[in-house]
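# Structure assessment
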Amino acid sequence: MKYYAIAIIPLILAYPVYSWLSPSESLEQKQMRLIEEQNQIIRETNNTKLERYRIELIDCISTASGEILQELDACGKRPKPVLQELV
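Here we summarise the structure given alongside this text. None of these values were measured; they are calculated from a predicted model.

Here we take up the overall build of the protein chain. The helix and strand inventory of the protein chain stands at three helices and zero strands. Within the span of the protein chain, comprising 87 residues, buried residues form 8% of the whole. Within the protein chain, contacts between residues separated by at least 24 positions form 61% of all contacts whose residues are at least 6 apart in sequence.

Right, dumping it as structure tokens:
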């Protein structure tokens, strides 16, 4: 057990030197990466909303019966999903 402590101490002391020497992302790079991740999440959310809306319309149209034109007109008046804008 004593030998493990002796081996760990140099590693703990070497970490600040390693982090100082290793290249890290600049603040602008981090911000750009975060913005791109947010945009990807927004795109996925919008795609999901649009896909659900499309499925609802298909379901509405496929179940239309009787006076079909009025049914299809009612399908077209369904509220459209509110999509988010990209950052």
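A few words now on the pattern of salt bridges. Tallied over the entire structure, the rule returns four salt bridges. For E51, the salt bridge is made with R54, and the minimal N-O distance between the two is 2.7 Å. Of this pair, E51 and R54 are both found in helix α2 (residues 27–62), three residues apart, which corresponds to roughly one turn of the helix. The salt bridge involving R78 is made with E56; its shortest N-O contact spans 3.8 Å. Of this pair, R78 sits in the segment after α3 (68–76) while E56 sits in helix α2, placing them 22 residues apart in sequence.

What follows deals with the environment of L86. Among the structural elements, L86 can be located in the segment after α3. Through-space distance from the C-alpha of L86 to that of N39 is 5.5 Å; in sequence the pair is 47 residues apart. Dropping the residues within four chain positions of it, L86 is found in contact with N39, I42 and R43.

The next point concerns the side chain of N46. Structurally, the position occupied by N46 is in helix α2. Not counting residues up to four positions away in its chain, the partners in contact with N46 are L83 and Q84.

So, on to α2. Taking 1.5 Å as the rise per residue, α2 with 36 residues should run 52 Å; its terminal C-alpha atoms sit 52 Å apart, in good agreement. The set of residues buried in α2 consists of N39, I42, N46, Y53 and C60.

How each quantity is defined
- For every chain, the first residue of the written sequence is number 1, and numbering continues from 1 onward in sequence order.
- Reporting of local features is limited, given that this is a predicted model, to residues whose pLDDT is at least 70; pairs of side-chain atoms are given and counted only at 80 or more, and all residues count toward the totals for whole chains, interfaces and linings.
- As a rule here, side-chain values cover all heavy atoms of the structure and leave hydrogens and water aside.
- To qualify as a helix, a DSSP run of H or I must reach at least 4 residues; to qualify as a strand, a run of E must reach at least 2; elements of each kind are numbered from the N terminus.
- Buried means the residue's accessible area, taken with a 1.4 Å probe over protein chains only, is under 20% of the maximum for its type, while exposed means over 50%, and partly exposed covers the values in between.
- Contacts: residue pairs with any heavy atoms within 4.5 Å of one another.
- We define a salt bridge as a side-chain nitrogen of Lys or Arg found within 4 Å of a carboxyl oxygen belonging to Asp or Glu.
- One fewer than the residue count of a helix, multiplied by 1.5 Å, yields its expected span.

No statement about biological role is implied by the geometric values presented.
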